[in-house]
Every structure is written in C-alpha cells, then in structure tokens.
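Chain and residue survey
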Amino acid sequence: MQDATRVFAGDCTVTYEDDDRVEKRGEVVVLVKPDNTVLVHDAEGYQPASWLTRADVVRYASDTDGVRLVAGSGTERLAVTAHETTLDTFAPVTPAGPDVGVCPDCGGPLVRSRGRVVCVGCRANYPLPRDAAVLDESCADCGLPRIRVERGDVFDVCLDRHCERLDDAVRERFDGAWDCPSCGGVLRIERRRNLRAVCADCESSFSVPHGRVVGTCDCGGPRFETGSGERCLATACPARAP
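Structural notes, computed from the coordinates. Because the structure is a prediction, the values reported are computed rather than measured.

Notes on the state of the cysteines
Taken as a whole and assessed by the stated rule, the structure comprises 0 disulfides. With no disulfide of its own, C163 lies 3.7 Å from the sulfur of C139, the closest cysteine sulfur. By relative accessible area, which is 30% here, C163 ends up partly exposed. C217 carries a free sulfur, and the closest cysteine sulfur to it, the one in C237, is 3.5 Å from it.

Okay, here's the thing in structure tokens:
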C-alpha cells in the first residue's frame, strides 16, 4: 500500500455502474486513497457524490486527451473522465489518531490508530493490543512508549514486542500457576495465534481474557474481572454443567 493519495480536480463526468447506471457531471475533487478507495466530492454536503470502497483495481491515465480513471470491484465500476483539469497531484498521507509520543528514530510524532502506533515522520509502525493503554513513559532501552495491558494481572511492557514481549511477562507470572477447568491439570501459557492457557494433560486450550484474576472458580480454574463482567477462564465453564 502506498502512503500517498492521488488528488485531481476539474470538470468531470462521473459514471457509476452496478445494477443501474448513474452519470453525473460537475466540478469535482477526486481522491484515490492508498487502499484503492475512490471518493468523488462535489459542493454539496459531507457525503461523496460517488465512491467505490477498496476497489480491486484502479486504472489511471493522464495524457493530451485529459485525465481518465476507472475503478472496479466485483460488479461495481466507477469511471471518471476529466474534460478540464485544475489539479492533478499526489499528497502524502498517514494514519491519524491521538498523539502518544515521539519517535526515537526520527523525532516525528507517534499516533495511535486502528490497533497500532504509527510514526507520522518515518512511517514506522507497531502493533498494539486493542485493550492497551499507552503510558506517558518511555522504554529505557529503545525510547518508545511503554504500554499497560491486563492479562490476568497488570503488565507494563515496551510498545515494541521485539524489545520486550508481553507473552514473556505473562508466561513468567502465570505459567503453571492455574489449574485446568476441564481436568485439574497444569496450564501452560502459550502463543497460538492469541495468548492461551493450554493444559499439559488433556490438551484443553483457553484464550487468556483481557482482565485480571480475582479468584478461583468452582471448577478450579481462575476467574477474571473483565470489561464485560466477571467470568471463568473457560467460556463454557464445566462448573455450570448440570
């Protein structure tokens, strides 16, 4: 994905086709975003006059005959023909979000956006657990912000998982500390796409909730206080069975 948006404006004919064909003409501004979303804005209101979200293909041509754009996605087709162009350029873009710190590599601002922290300056980006809080505190080793996450307990770790891994902190604290809700065996902390507690005996596997341990369930497993209330480690807790 490119980190720039193509912008052109002028007197255009805009044709959208799916089940029906809708054709419009006017002085418009056309944006082609990095994810191939095409937006056509006119002078009326906040909603685009026409659009195509995340097109499978976008073809663009600019020559002596003018500017032409065709975007397609499944059965949808959006075509823009500029009869006269007043603007045709690229504009650099980045994700936008709350400012959460300063990039130690380039000094640019770090922003939080859609499950990651991104540097507006050098475009470095770091995955972020969706429930994480970004702290006003920097890592002593790399200079990136530290984050706070609840996985059975409260853990403060570096934003960069290559610098300090949340998995290692949870494993050090809880590996072997919980009993299996299914058979009473020992639970080991493992990464299997997400962080899980896996029984060494019966091989039952439980996703570690976003929350803190507040006690022991009747089934023998740990109980967690989460954002949606208190629950057992096991989604289908054996203690609830008749």
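Having seen it, we continue.
Section: the sheet that holds strand β6 (residues 66–73)
The antiparallel open sheet is built from 7 strands, whose spatial order is β4-β3-β2-β1-β7-β6-β5. The open sheet has two free edges, formed respectively by β4 (50–52) and β5 (57–63), since each of these has just one partner strand. Recorded for the sheet is a direction-independent mean angle of 30 degrees between the axes of neighbouring strands. Pairing of strand β3 (residues 38–41) with β4, which is carried by 3 bridges, proceeds in the antiparallel orientation. For V38, the partnering residue across the bridge sits in β4 and is L52.

Some points on the side chain of T5
As for its position among the elements, T5 is in strand β1 (residues 4–17). When residues no more than four places from it in sequence are discounted, the contact partners of T5 are L31, V32, K33, P34, T89, F90, A91 and V93.

A word on the pairing of strand β9 (residues 109–113)
Sheet topology places strand β8 (residues 99–102) next to β9; 3 bridges connect them, and they run antiparallel. Considered in β9, the bridge of G101 is made with L110. Count of turn residues in the β8/β9 antiparallel hairpin: 6 residues, of which G107 carries a positive phi of about 80 degrees. Sheet topology note: the β9/strand β10 (residues 116–119) ladder contains 4 bridges and is antiparallel. Bridge pairing links R112 to V117 in β10.

Points about the sheet that holds strand β16 (residues 194–199)
Overall, antiparallel pairing links the 3 strands, which are arranged β15-β16-β17 in an open sheet. In this open sheet, the two strands that pair with only one neighbour each are β15 (187–192) and β17 (205–207). Geometrically, the sheet is characterised by an average inter-axis angle of 35 degrees between neighbouring strands, direction not taken into account. In this structure, β15 lies alongside β16, joined through 6 bridges in antiparallel fashion.

Considerations on the packing of aromatic side chains
Under the definition given, this model contains 4 aromatic pairs. For the pair F8 and Y60, a centre-to-centre distance of 5.8 Å together with 55 degrees between the ring planes defines the contact as tilted. Taken together, the residues span a long stretch of sequence, with F8 in strand β1 and Y60 in strand β5 at a distance of 52 residues. Overall, F8 belongs to the buried group, its relative accessible area being 0%. For Y60, a relative accessible area of 25% translates into the label partly exposed. Measuring from centroid to centroid gives 5.6 Å for W178 and F224, while their planes differ by 80 degrees, and the two rings are edge-to-face. Of this pair, W178 sits in the loop between α1 (166–174) and β15 while F224 is found in strand β19 (residues 222–226), placing the two residues 46 residues apart along the sequence. Grouping residues by exposure puts W178 and F224 together as buried.

Reading guide: rules and limits
- In this convention, every chain numbers its residues from 1, walking through the sequence in written order.
- Only residues with pLDDT of at least 70 get local features here, since the model is predicted, and only at 80 or more are side-chain atom pairs given and counted; chain-wide, interface and lining totals rely on the full set of residues.
- Hydrogens are left out, water is left out, and the side-chain values use all remaining heavy atoms of the structure.
- A pair of sulfur atoms, both from cysteines and within 2.5 Å, is called a disulfide here.
- Exposure categories follow from relative accessible area, calculated using a 1.4 Å probe and restricted to protein chains: below 20% of the type maximum is buried, above 50% is exposed, and the middle band is partly exposed.
- A strand pair is defined by DSSP finding two or more bridges across the two strands.
- Strands here mean DSSP runs of E at least two residues long; helices mean DSSP runs of H or I at least four residues long; both are numbered from the N terminus.
- Under this scheme, a helix contributes an axis fitted over its contacting stretch, all axes are lines through C-alpha atoms, and angles between N-to-C directions fall in the 0 to 180 degree range.
- Contacts between residues were defined by any pair of non-hydrogen atoms, one from each residue, lying within 4.5 Å.
- In summary, the pairing rule links any two rings of Phe, Tyr or Trp, Trp by its six-membered ring, whose centres are within 6.5 Å, and it sorts them by plane angle into stacked for under 30 degrees, edge-to-face for over 60 and tilted for everything else.

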